[in-house]
Amino acid sequence: MPKNIYLTWTVYFLLVVLLESGVFVADAVKSESVTEGESVSLNSSFTQIHRDEEIGWRFGEFLIAKVKKNKESKFYNTAEGRLRDRLKLDHQTGSLTIINSRTTDSGLYTVSRDTTINSINLTVYARLPVPVISSNSSSSSSSCSLVCSAVNVSHVTLSWFKGNSSFSSIRVSDLSSRSDLLLHLECVDDSYSCVLNNPIRNQTQHLNNTQLCHTCAAVSRTVLISAAAAGSLLIVAAVGIFCICRKHTNTHREETRAEEITDPTFNRRNRNKSKEWHIHTLLSFCSSWSVHCG
């Protein structure tokens, strides 16, 4: 059984024994959270200490501090010395302050006065590093693959955000040397960010899209340029067809006038000839266009 679980059950067992012996347990276990390195004050829930009273603080099963009847403070070098020289007591209320907190300070604290016991569960979270965003795609790739990383973290969530909305996340419970979260996109903009957070703090890294990925604005410009180029080629093709047809029409009219005078069967032959020429011209032009543009 893990040591902290053993200590917690030991304290609960002691509370039950004390309750059956006439000791009053004031409230349910309260919770406090703090980031490593910060100071935290554990409230005794007592408004005032009377001259004939003593208050004692325990960390797990270890007595760590006491306010005597003459309001003198005494600290005990117990709990494997983890709290040495980092405790302060308020002589008026008996509240306990832990200076320069460490993750090893996490656990159950109890304060007692006469027949009253209060309990506080303290959680000290490690400082959060700023997550790092890097590229996970080749320079020739048309799409964008990104990875957000955090090292040496535990009891945190790593998430991708677009604006204020999270759309991808992983939970890291145990201490991990490195945690990665992938993101695949066609293009990016300034609204993307990676966030590392625990219940009381967060660290955010915004995506610098100009260095890692194609921007959506650049992709849009490329599409527009391609569409404009294709449109221009179609216009040129249409003008070319129009000019060829017009030139043939003018030439054909002049030949028709001369031939119509001498040949009585001209009208029937002319219709067939004109149809065949238009078809041949269009096929030739399209074939030439596919060779040049293909």
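Presented here is an overview of the structure given in this document.

Criteria and cut-off values
Residues numbered from 1 in each chain as written. Predicted model: local features only at pLDDT ≥ 70, side-chain atom pairs only at ≥ 80, totals over all residues. Heavy atoms only, no water. Helix = DSSP H or I, 4+ residues; strand = E, 2+ residues; numbered from the N terminus. Buried < 20%, exposed > 50% of the residue type's maximum accessible area, 1.4 Å probe, protein only. Pairing = 2+ DSSP bridges. Axes fitted to C-alpha atoms, helices over the stretch in contact; angles between N-to-C directions. Phe/Tyr/Trp six-rings, centres within 6.5 Å; stacked < 30°, edge-to-face > 60°. Lys NZ or Arg CZ within 6 Å of the ring centre and 35° of its normal. Core = buried A, V, L, I, M, F, W, Y, C linked by side-chain atoms within 4.5 Å. Contact = heavy atoms within 4.5 Å. Salt bridge = Lys/Arg side-chain N within 4 Å of Asp/Glu carboxyl O. Polar contact = N/O pair within 3.5 Å; in protein donor to acceptor, adjacent residues only side chain to side chain.

## What about the overall build of the protein chain?
Scanning the protein chain from N- to C-terminus turns up four helices and 17 strands. Out of the 294 residues belonging to the protein chain, those deemed buried represent 30%.

## Some details on unusual backbone geometry
The backbone phi angle of Ala79 is positive, close to 50°, even though this residue is not glycine. With respect to the secondary-structure elements, Ala79 resides in the loop between β6 (73-75) and β7 (87-89). You can call Ala79 buried: its relative accessible area is 1%. Unlike most non-glycine residues, His155 shows phi in positive territory, near 55°.

## Side note on the sheet that holds strand β12 (residues 144-150)
Spatially, β11-β12-β15 is the arrangement adopted by the three strands of the open sheet, whose pairing is antiparallel. In this open sheet, the two strands that pair with only one neighbour each are β11 (132-135) and β15 (179-185). Mean inter-strand twist for the sheet, computed between neighbouring axes without regard to direction, equals 25°. The pairing of β11 with β12 spans four bridges and is classified as antiparallel.

## So, the packing of aromatic side chains
To describe a pair of aromatic rings, you give the distance between the ring centres and the angle between the ring planes. In total, this model carries two aromatic pairs according to the counting rule given. Judged by centre distance (4.6 Å) and plane angle (20°), the rings of Phe59 and Tyr109 are stacked. Here the residue Phe59 occupies a position in strand β4 (residues 55-59), and Tyr109 occupies one in strand β9 (residues 107-113), the gap between them amounting to 50 residues. Judged by relative accessible area, Tyr109 falls into the buried class, the value being 0%. Judged by centre distance (6.1 Å) and plane angle (85°), the rings of Phe167 and Tyr192 are edge-to-face. Here Tyr192 lies in strand β16 (residues 192-197) and Phe167 lies in strand β14 (residues 165-172), a separation of 25 residues in the sequence. For Tyr192, a relative accessible area of 9% gives the class buried. Positioned above the aromatic ring of Phe46, the side-chain terminus of Arg113 is 4.2 Å from the ring centre.

## Comments concerning the sheet that holds β16
A sheet is described by the order of its strands in space; here four strands give the open sequence β14-β13-β16-β17, paired in antiparallel fashion. Only two strands of the sheet have a single neighbouring strand rather than two, namely β14 and β17 (202-206). The sheet shows a mean angle of 20° between the axes of neighbouring strands, direction not considered. Inspection of the sheet shows β16 paired to β17 by five bridges, in the antiparallel sense. If you follow Val195 over to β17, its bridge partner there is Thr204.

## Regarding the nonpolar core
If you look at the biggest cluster of nonpolar residues, it comprises 22 residues, and the most contacted ones within it are Leu42, Trp57, Ile64, Leu96, Ile98, Tyr109 and Leu122. Listing elements by their share of this core, those giving two or more residues are β3 (40-42), β4, β5 (62-67), β7, β8 (96-98), β9 and β10 (116-125). Not counting chain neighbours up to four residues away, the residues in contact with Leu42 comprise Glu32, Trp57, Ser95, Leu96, Ile98, Tyr109, Ile120 and Leu122. If you look at the next biggest cluster of nonpolar residues, it comprises 20 residues, including Ala150, Val156, Leu158 and Leu181.

## A closer look at the pattern of salt bridges
Pairing is possible between side chains that carry opposite charge, provided their charged atoms lie close to one another. Summed over the entire model, instances satisfying the criterion amount to five salt bridges. Between Arg201 and Glu38 there is a salt bridge, with the nearest N and O atoms lying 3.0 Å from each other. Note that Arg201 is positioned in the loop between β16 and β17 and Glu38 in the loop between β2 (30-35) and β3, a separation of 163 residues in sequence. We classify Arg201 as partly exposed; its relative accessible area is 37%. A salt bridge links Arg113 to Glu53; the nearest nitrogen and oxygen atoms lie 3.4 Å apart. Residue Arg113 is found in strand β9, and its partner Glu53 is found in the loop between β3 and β4; the two are separated by 60 residues along the sequence. Given a relative accessible area of 18%, Arg113 falls into the buried group.

## With respect to the side chain of Ser101
With respect to the element layout, Ser101 can be found in the loop between β8 and β9. Among the polar contacts listed, one links the side chain of Ser101 to the backbone oxygen of Glu38, at a separation of 2.6 Å. If sequence neighbours within four positions are ignored, Ser101 has contacts with Val34, Thr35, Glu36, Gly37, Glu38, Arg86 and Val124.

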